[in-house]
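Below are the chains, spelled out letter by letter.
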Amino acid sequence: MSSTFLIIISLFYLGLIGILINRLHFLSILLCLELLLISIFLGIILYSCNFNTIFIFPNNLILLTLSACEASAGLSLMVILSRTHNSDLVLNINILQH
């Protein structure tokens, strides 16, 4: 296993640990989710470059598009939550309140 695979795997686990530890603010959860998606994207690109497969490249574009959509939906959700609850703290969010 090369060092780049180890770096990508460590980025993925760093994102998971970040989600588990930093659950206080909604923005930190979104940033950790982006780190997870970027590490998966880099892993797929590295895999396709090592094995010279062209079939994985369209899947990379789909994954990158979905991660951009996830980021925009997450940020819009954060703006709505901060406007309605005056905070981005995850503990203060109660969906049944309104």
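The chain has the name NADH-ubiquinone oxidoreductase chain 4L in an unreviewed UniProt entry, where Astropecten polyacanthus is given as its organism. For the record of the chain, the UniProt heading Function (unreviewed entry) holds the text "Core subunit of the mitochondrial membrane respiratory chain NADH dehydrogenase (Complex I) which catalyzes electron transfer from NADH through the respiratory chain, using ubiquinone as an electron acceptor." The annotation that UniProt attaches to the chain under Sequence similarities (unreviewed entry) is "Belongs to the complex I subunit 4L family."

Asks: So what exactly am I meant to see when it comes to the UniProt feature "transmembrane region" (unreviewed entry) in the chain here?
Replies: Following the UniProt record, the feature "transmembrane region" (unreviewed entry) maps to residues 5-21, 27-49 and 61-81 here. Between the end C-alpha atoms of residues 5-21 the distance is 24 Å, and the span holds 100% helix and 0% strand. The span residues 27-49 is 100% helix and 0% strand, and its two end C-alpha atoms sit 33 Å from each other.

Asks: Got a minute to help me understand the side chain of S67 in this structure?
Replies: Tracing the backbone shows S67 in helix 3 (residues 57-85). Looking at S67, the relative accessible area reads 11%, which means it is buried. For S67, the residues in contact, after removing those within four places along its chain, are E34 and L37.

Conventions used here
Residues numbered from 1 in each chain as written. Predicted model: local features only at pLDDT ≥ 70, side-chain atom pairs only at ≥ 80, totals over all residues. Heavy atoms only, no water. UniProt positions renumbered as here; feature names shortened; annotations may be inferred. Helix = DSSP H or I, 4+ residues; strand = E, 2+ residues; numbered from the N terminus. Buried < 20%, exposed > 50% of the residue type's maximum accessible area, 1.4 Å probe, protein only. Contact = heavy atoms within 4.5 Å.

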